Amino acid sequence: MSENKNNDKNIVLQVEDLHTSFFTRKGEYKAVDGVSFHVDEGETLGIVGESGCGKTVTGLSLLRLLPEPAGRIKAGKIILDGTNLLELSKKEMRKMRGKEISMILQDPMTSLNPLYTVGNQIAEPLRQHQQLVGDRVEEEVISALRLLNIPAPEQRLRDYPHQLSGGMRQRVVGAIGMSCNPRLLIADEPTTALDATIQAQYIALFKDVQKKTNVSIIYITHDFSVVYQMCHRVAVMYAGKILETARTEVIFNNPTHPYTSALIKSVPRLDRKDDRLYSIKGHPPSLLNLPSGCRFYPRCPEAKNICRDKEPPETKIGDNHSVYCWGVN
Amino acid sequence: MSDILLETRDLVKHYPVRKGVMQRTIGYVRAIDGVSFTIERGKTLSLVGESGAGKTTTASAILLLEQLTSGSIFFEDRDIYKLSNAELKNEYRPKVQSVQQNPWSSMNPRMRVRDIIAEPLVINAKLNKEDIRNRVLALMEQVGLMPEWADRYPHEFSGGQRQRIAVARSLALNPDLIVLDEPVSALDVSIRAQIMNLLKDIQDEYNLSYLVIAHDLATVRFMSHSVAIMYLGQIVEYADSEELFKNPMHPYTRALISASSISGPDEKDESIVLSGEMPSPINPPSGCRFHTRCIAAFDKCSVEVPEPRVFGTHYATCHLCDYEEGWITKSESKSV
Amino acid sequence: MNAVLEKTKQETHFTSGRLSWLTHIVKNLNFYIPITILTVLFLTAIFAPQLAPHDPIQISMANRLKPPSFLAGGSPEYFLGTDHLGRDILSRIIYGARISLSISFLVIAITATIGTILGIFAGYRGGRFETIIMRVTDVSNSFPPLLLALLLAVSMGPGFKTVVLALSILGWAGYCRLIRGETLKLRNADFVAQARIMGSSPGRIMLKHIFPNVVNPLLVIMTMGVGMLILAEAGLSFLGVGVPPPFPTWGMMVNEGRAEISRAWWMSAFPGLVIGAVVLSGNFLGDWLRDKLDPKLRQL
């Protein structure tokens, strides 16, 4: 069913060759070093990777919310519905945030202001972007709360964050993100701080929200089981680059890049008992001093001479599957 | 026959909740409420549950970091609460060590690796300096650290290497039991496998027992010989690991397994999603504590506390275990 | 391992060469300037007899209220002029450094030691001991320091000891509160739990694990304390409960100049400048230390 869906779907976001660096006293950290991907309408793209691989910086770059002045987008295009976000003025970009793109952060405890009611915080983007006033605001707030399946929304909107549990708070954060019906929602590890059963609720909820609103989601995480449950397609990031992009089933059942397959093999399985886990030797490289050629070659079990010397180009294997590896032909 | 290293009987820990100027006790947080299990020599028991289930309190009691309200802990058939202070210091403490979750905070940032690993030896063992130095280097080699790193400080290491340092430190006194509190959850995916393999190798080599505290079921299945599932301060299901994953009985266990198993975004969602959140441990629900969230709950559940039903080595505290047709049938008949 | 090698490589690169040594100084002027000022004053205090051109308490009515030598009417003999009793201002400032600096350093040593010990105990031990200590610090903080100083001066007579005592009795409370707060954070740190699991005694934990980790904030407020205490001593002298004349302290010199401010502004201006320099140096040094020692600020 998804095959024909892909062909006539609108592309909501197209990112081309994005480079983002942090300039510090120690030098330039190439946090995102030439990343390209796209997200279709109503699709969830997972960005998976280990800490420091650049997945969060990618998300922040899309919103142009990098910590100033250290972080800077050096090159690339971020095209949302035909507009290149990198060409917008600061003021124009502010209008996009919350309205066209919004973001959910990891920690529900710190992403809400403790001094304002839930209703007030959800109303904020509505007042900013849609110039709504009075009862219309409250209606919209209640519908946002209802969208996120928050029980008794009329009462909840008068609550302060500390009166809600962690799971409820994260739903409120979701409601803020969805209040203006954005085209694209970036979720950065939104369930990492939650317990297993609450996480399951949240994921089920977000699939439901997506069906109702057709929003596109970029889901940033390190957790493969969440990726499997949530995402249509997956981009695997390593040391600032995407190494493989493919449909979720392909990533799990037929991974092509040695890093992807090694990662999947190294995660313990719930459905069988392993005696030993496959383990990848070494550690991810420093972003200050990346290896030449393919950045995974020092840890790669299948490394060849060419891997050390030249960076591998993109190889397309059928629709929606691309790999950056010399081993693929 | 099995060789039991540690046994807990009916551990209870209630924290008083105080309020007002007079600090009057207005209630109790029932952090753990009757927890019993056994750990065999050379085997791993995992405690699984969500935050607030009482896993950490249980572990803290075993590590003597918390005073229990009631209950007893037997170590090599001796009640540790009846040991003298000297016996505790010399015969219990050194035998029960721990590795904590966060390798960034579990070490004094102002000590060198050499001193961090040596510290338990300095405190407890009667070794001279030369012996300590050799023991530290041997331990470092054992866990895969280069001996020339001994003079470095913790911040010079990555998370995985720090966790190796923590493992080396916990091994220093030749313990019988190591409490592993989420030993890999703070680590990167590609590093987790290295540490889990290391822990297994060490267990085999020294015939160590592990008490693992974890929330990730796949990690638990890989690490454990037996598993106890905790909910609101109580063990709701307890079985050999393989038995538990093949034949989970308690609805909560089934929901947990469902939450971490694999089902894609477009597929018909068959996973069990529990509604609501864990109630407050100050005022736990009547009857079965899980009934407020259980998708199979029926009238009896809110009234009567379920007795543990034992099936060989497997036990679960759920009224549905009385019904032969199983709980799914029951829930379907109820939900219509 | 790679990352570690990386780091050492960089550090060696950073410190090599004369040029980078110079840029290092320029980049850290907010450290080098105050440390130079304080060192110079320290040495001045130690070598006062050798440095002072005149006897600081020798009265010479013939030379009353001479302006500084670089002003009209000034005499080259008295570089910074003389006071209403004809004493050399420069010599008095030089000797004054002895009393002013030794009071502030002594008080810092006493208050920091008491405050740290009590703070660590209160924070780590908790319970009734903590409650009592904290109530005592509340009282200390709410007690007017001038009133205490006046009471002490009345009962003991003004003097060096009185000043040190007056400033110490209330001063430790600030240290105690800060150190207790830090200790409370550390008490629940994983590595402290780990030490308990290994069987460490409370004394060892406080000494080996808590104390080294509170040294940073301690140093910061100690350096800032230098300036504060100089000001406090000046205040006490100003009120006449400080070290009694004729021995010079900077505060007293400012006080004495007050009466002659319209005729001889230099009497209070120069000691005032020195006080300002010390206070600023202490604060700058404290800020610098805080930035240097805070690992979060160090990262970027």
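Residues numbered from 1 in each chain as written. Chains lettered and ligands numbered in written order. Predicted model: local features only at pLDDT ≥ 70, side-chain atom pairs only at ≥ 80, totals over all residues. Heavy atoms only, no water.

**Some words on the overall build of chain A**
Inference 1: Of regular secondary structure, chain A possesses 12 helices and 12 strands.
Inference 2: In summary, chain A has a C-alpha radius of gyration of 20 Å against a globular reference of 20 Å for 329 residues, a match within 12%.
Inference 3: For chain A, the spread of C-alpha atoms along the three principal axes comes to 65 × 50 × 45 Å.
Inference 4: Put simply, of all contacts in chain A between residues at least 6 apart along the chain, 64% involve residues at least 24 apart.
Inference 5: Entry remark: accessible area of chain A is about 14,400 Å², with carbon and sulfur atoms responsible for 48%. (Helix = DSSP H or I, 4+ residues; strand = E, 2+ residues; numbered from the N terminus. Rg over C-alpha atoms; globule rule 2.2 N^0.38 Å. Contact = heavy atoms within 4.5 Å. Areas by Shrake-Rupley, 256 points an atom, 1.4 Å probe, with all protein chains shown as cover.)

**Some details on the sheet that holds strand β5 (residues 78-79) of chain B**
Residue and element names in this part refer to chain B.
Inference 1: One open sheet holds the 4 strands; their spatial order is β2-β1-β4-β5, and the pairing between them is antiparallel. Among the strands making up the open sheet, the edge pair consists of β2 (24-40) and β5.
Inference 2: Inspection of the sheet shows strand β1 (residues 4-19) paired to strand β4 (residues 70-75) by 5 bridges, in the antiparallel sense. Pairing of L6 across the sheet is with F75, part of β4.
Inference 3: Packing of helix α1 (residues 55-62) onto the sheet brings it into contact with β1, β2 and β4, and relative to β2 it is tilted by some 70°.
Inference 4: Across the sheet, helix α2 (residues 85-92) touches β1, β4 and β5, and the angle it forms with β4 is around 50°. (Pairing = 2+ DSSP bridges. Axes fitted to C-alpha atoms, helices over the stretch in contact; angles between N-to-C directions.)

**Considerations on the interface of chain A and chain B**
Inference 1: Between chain A and chain B, the contact holds 44 residues from the first and 41 residues from the second.
Inference 2: Each partner contributes to the roughly 3,600 Å² buried at the junction of chain A and chain B, and carbon and sulfur atoms together form 53% of this total.
Inference 3: Among the residues chain A hides against chain B, the three largest losses belong to T197, L270 and K273 of chain A. Together they make up 19% of the total.
Inference 4: Connecting chain A to chain B are 1 salt bridge.
Inference 5: In this structure, R276 of chain A and D201 of chain B form a salt bridge, with 2.7 Å as the shortest nitrogen-oxygen distance.
Inference 6: For the pair chain A and chain B, the interface holds 19 residue pairs in polar contact (both at pLDDT 80 or more).
Inference 7: When contributions to the side of chain A that touches chain B are tallied by element, the ones reaching two or more residues are α7 (166-178), α8 (196-213), α9 (224-230) and α11 (258-266) of chain A.
Inference 8: Residue classes in the side of chain A that touches chain B are distributed as 17 nonpolar, 14 polar and 13 charged. (Buried area = accessible area lost by both parts, 1.4 Å probe. Salt bridge = Lys/Arg side-chain N within 4 Å of Asp/Glu carboxyl O. Polar contact = N/O pair within 3.5 Å; in protein donor to acceptor, adjacent residues only side chain to side chain. Nonpolar A, V, L, I, M, F, W, Y, C, P; charged D, E, K, R; others polar.)

**Overview of the sheet that holds strand β1 (residues 11-24) of chain A**
Residues and elements named next belong to chain A.
Inference 1: Pairing is antiparallel in the open sheet, where 4 strands are placed in the order β2-β1-β4-β5. In the strand order of this sheet, the two ends are held by β2 (27-40) and β5 (83-84), each with one partner.
Inference 2: Helix-sheet contacts for helix α2 (residues 55-63) involve β1, β2 and β4 (71-80), and the interaxial angle to β1 is about 110°.

**Digging into the pairing of strand β10 (residues 234-240) of chain B**
All names here are of chain B.
Inference 1: Counted residue by residue, β10 has 5 buried out of 7 residues, so it is predominantly covered.
Inference 2: The pairing of strand β9 (residues 226-231) with β10 spans 6 bridges and is classified as antiparallel. Along β10, the bridge assignment pairs I229 with E237.
Inference 3: From the end of β9 to the start of β10, which pair antiparallel, there are 2 residues, and L232 there has a positive phi angle of about 50°.
Inference 4: Here β10 runs beside strand β12 (residues 314-316); their pairing, made up of 2 bridges, is antiparallel. (Buried < 20%, exposed > 50% of the residue type's maximum accessible area, 1.4 Å probe, protein only.)

**Description of the domain arrangement of chain A**
Residues and elements named next belong to chain A.
Inference 1: Domain boundaries in chain A define domain 1 (11-100 + 182-328) and domain 2 (109-181).
Inference 2: Centre-to-centre separation of domain 1 and domain 2, based on C-alpha positions: 29 Å.
Inference 3: Here domain 1 packs against domain 2, burying approximately 1,400 Å² in sum over the two surfaces, 68% of which is carbon and sulfur.
Inference 4: The tally of links from domain 1 across to domain 2 stands at 5 residue pairs in polar contact (both at pLDDT 80 or more).
Inference 5: If you list the elements that add at least two residues to the side of domain 1 that touches domain 2, you get α3 (90-96) and α8.
Inference 6: If one sorts the elements of the side of domain 1 that touches domain 2 by residue count, α8 sits on top with 8 residues. (Domains from an automatic or database assignment.)

**A few points about the interface of chain C and chain B**
Inference 1: With 18 residues of chain C at the interface, the matching set in chain B holds 28 residues.
Inference 2: Both faces considered, chain C and chain B share a buried interface measuring about 2,200 Å² in area, 50% of it formed by carbon and sulfur atoms.
Inference 3: Contact with chain B buries surface across chain C, with Q194, I197 and M198 of chain C losing the most and accounting together for 32% of the total.
Inference 4: For the pair chain C and chain B, the interface holds 1 salt bridge.
Inference 5: Counting residues per element, the ones that place at least two in the side of chain C that touches chain B are α1 (2-15), α9 (190-197) and α10 (202-239) of chain C.
Inference 6: Among the residues making up the side of chain C that touches chain B, the classes are represented as 7 nonpolar, 6 polar and 5 charged.

**Some words on the state of the cysteines**
Residues and elements named next belong to chain A.
Inference 1: Under the counting rule described, the total for this entry stands at 0 disulfides over all chains.
Inference 2: No disulfide involves C325; its nearest neighbouring cysteine sulfur is the one of C307, lying 6.2 Å away.
Inference 3: Owing to a relative accessible area of 12%, C325 belongs among the buried residues under this scheme. (Disulfide = S-S within 2.5 Å.)

**Points about the environment of E68 of chain A**
Residues and elements named next belong to chain A.
Inference 1: Locating E68 in the fold gives a position in the loop between α2 and β4.
Inference 2: Of the residues examined, E68 reaches a relative accessible area of 62% and is grouped as exposed.
Inference 3: The spatial distance from the C-alpha of E68 to the C-alpha of F22 is 9.3 Å, given a sequence separation of 46 residues.

**Some words on the pattern of salt bridges**
Inference 1: This structure, assessed with the given rule, holds 41 salt bridges over all chains.
Inference 2: Between K13 of chain B and E66 of chain B there is a salt bridge, with the nearest N and O atoms lying 4.0 Å from each other. In this pair, K13 of chain B is assigned in strand β1 and E66 of chain B in the loop between α1 and β4, connecting sequence segments 53 residues apart.
Inference 3: For E66 of chain B, a relative accessible area of 24% gives the class partly exposed.
Inference 4: Among the charged side chains, a network of salt bridges with common partners joins D33, K241, R295 and E311 of chain A.

**Observations regarding the packing of helix α6 (residues 127-142) of chain C against helix α8 (residues 160-187) of chain C**
Residues and elements named next belong to chain C.
Inference 1: Taken N-terminus to C-terminus, the directions of α6 and α8 make an angle of 135°; their axes are 9 Å apart at the nearest point. On the basis of the axis angle, α6 is oblique to α8. You can see that α6 and α8 cross each other, and the crossing is left-handed. Mapping the contact onto sequence places E130, I133, M134, V136, T137, D138, S140 and N141 in α6 and I169, L170, W172, A173, C176, R177, R180 and L184 in α8.
Inference 2: Classifying every residue of the contact of α6 with α8 gives 9 nonpolar, 3 polar and 4 charged. (Parallel < 35°, antiparallel > 145°, perpendicular 65-115°, else oblique. Left-handed = near helix turned anticlockwise from the far one by under 90°.)

**Points about a nonpolar patch on the surface**
All names here are of chain C.
Inference 1: A contiguous nonpolar patch, built from F42, L43, I46, F47, L51 and F105 and spanning about 540 Å² of accessible area, is present on the exposed surface.
Inference 2: In terms of residue count, helix α3 (residues 29-46) provides more of the nonpolar patch than any other element does, 3 residues in total.
Inference 3: Tracing the sequence through the fold places F42 in helix α3. (Patch = residues over 30% accessible without salt bridge, like charges linked within 9 Å, V, L, I, M, F, W, Y side chains within 5 Å.)

**So, α1 of chain B**
All names here are of chain B.
Inference 1: Burial runs high along α1: 7 of the 8 residues are buried.
Inference 2: Of the positions making up α1, those classed as buried are K55, T57, T58, A59, S60, A61 and I62.
Inference 3: Positioned one or two residues after α1, L64 has a phi angle of 60°, which is positive.

**What about the packing of helix α5 (residues 89-125) of chain C against α6 of chain C?**
Residues and elements named next belong to chain C.
Inference 1: Following both chains from N to C, one finds α5 and α6 inclined at 135°, their axes separated by 7 Å at the closest point. Classed by the angle they form, the pair α5 and α6 counts as oblique. The chirality of how α5 crosses α6 is left-handed. Of the residues in α6, those in contact with L118, F121, A122 and R125 of α5 are G127, F129, E130, I133 and M134.
Inference 2: Partitioning the contact of α5 with α6 into residue classes produces 6 nonpolar, 1 polar and 2 charged.

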